[in-house]
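Residue-level listing of the chains:
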Amino acid sequence: MIRIVDFCFLVLKAAIAALLAGMVVLVFGNVVLRYAFNTGITYSEELSRIFFVWLTFLGAVVAMREHGHLGVDSLLRRLPPGAARIAVLCGQALMLWATWLMISGSWTQTVINLHVSAPATGISMGFFYGAGLAFGVPALLLILSDMIGVLTGRIDVTTAEFVKDSEDELSLEHQPDPSLVTPSVKR
């Protein structure tokens, strides 16, 4: 099961990369066509906007799985284990509620706009609003998975990292540990 989930998130990352590449090609191509040839791609701006919305929501799902969203857990670290567990569960319950609001709102907007076409591309605006569903459903499952892990004791709230404290912490994860690097010796 873990391999299937890992594969799904690998596909999500590939889709994000493809959406970003598509945005770059559309916007850069449109700029070149406007300035060099006094013409342009009529649907470039609209398609780039749709790509950006989908890229943002899919990226949020990937970040949620990797616990890469920024947050403050300094109070959680100071609480005793039982109180920390309750605080984590309360926070996750609030996240479930907010995610449910996102899903229900996105569903409503998707259904309302299913038969509305975008002006330049003719794509259904339901596809545009469906990005909220593409975020909400996996996010809901990820939050439920974390909650079940906390409830069953599979996730220890005293050592688990649910959020990143700062962007500096995120950048340090991608750098080698200085204690592991062997110093060079001058001869």
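Overview of the structure.

Reading the values: rules and limits
- Residues numbered from 1 in each chain as written.
- Predicted model: local features only at pLDDT ≥ 70, side-chain atom pairs only at ≥ 80, totals over all residues.
- Heavy atoms only, no water.
- Salt bridge = Lys/Arg side-chain N within 4 Å of Asp/Glu carboxyl O.
- Helix = DSSP H or I, 4+ residues; strand = E, 2+ residues; numbered from the N terminus.
- Core = buried A, V, L, I, M, F, W, Y, C linked by side-chain atoms within 4.5 Å.
- Buried < 20%, exposed > 50% of the residue type's maximum accessible area, 1.4 Å probe, protein only.
- Contact = heavy atoms within 4.5 Å.
- Expected span 1.5 Å × (residues − 1).
- Phe/Tyr/Trp six-rings, centres within 6.5 Å; stacked < 30°, edge-to-face > 60°.
- Lys NZ or Arg CZ within 6 Å of the ring centre and 35° of its normal.
- Axes fitted to C-alpha atoms, helices over the stretch in contact; angles between N-to-C directions.
- Parallel < 35°, antiparallel > 145°, perpendicular 65-115°, else oblique.
- Nonpolar A, V, L, I, M, F, W, Y, C, P; charged D, E, K, R; others polar.

Some words on the pattern of salt bridges
Scanning all chains against the criterion turns up two salt bridges. Residue aspartate 6 pairs with arginine 65 through a salt bridge whose shortest N-O separation is 2.4 Å. Note that aspartate 6 is positioned in helix H1 (residues 2-37) and arginine 65 in helix H2 (residues 44-65), a separation of 59 residues in sequence.

Topic: the nonpolar core
Of all hydrophobic cores here, the largest spans 32 residues; its most connected members are Val150 and Phe162. At the level of elements, H1, H2, helix H4 (81-112), helix H5 (125-129) and helix H6 (131-152) are the ones that each hand at least two residues to this core. If one sorts the elements of this core by residue count, H2 sits on top with nine residues. Excluding its chain neighbours within four sequence positions, the residues that come into contact with phenylalanine 162 are His67, Val88, Gln92, Asp146, Val150, Ile155 and Val157.

Things to note about H6
Over its 22 residues, H6 runs 32 Å from end to end, which matches the ideal 32 Å to within 8%, given 1.5 Å per residue. Among the residues making up H6, those that are buried are Ala131, Gly132, Leu133, Phe135, Gly136, Ala139, Leu142, Ile143, Asp146, Met147, Gly149 and Val150. Where H6 is buried, its residues contact H1, H2, H4 and H5. Once H6 ends, the next one or two residues include glycine 153, with phi positive near 85°.

Here we look at the packing of aromatic side chains
For the structure on display, the rule yields three aromatic pairs. Measuring from ring centre to ring centre gives 5.0 Å for tryptophan 54 and phenylalanine 127, while their planes differ by 20°; the resulting arrangement is stacked. Highlighted residues: tryptophan 54 in helix H2 and phenylalanine 127 in helix H5, separated in sequence by 73 residues. The class for phenylalanine 127 is partly exposed, based on a relative accessible area of 43%. If you follow arginine 49 out to its NZ or CZ, it ends over the ring of phenylalanine 128, 5.6 Å from the centre.

Observations regarding the packing of H2 against H6
With their axes 8 Å apart at the nearest point, H2 and H6 run at an angle of 5° to one another. Between H2 and H6, the crossing angle belongs to the class labelled roughly parallel. Contacts between H2 and H6 involve Val53, Trp54, Phe57, Leu58, Ala60, Val61, Met64 and Arg65 from the first element and Ala131, Gly132, Ala134, Phe135, Pro138, Ala139, Leu142 and Ile143 from the second. Looking at the contact of H2 with H6 residue by residue, the classes come out as 14 nonpolar, one polar and one charged.

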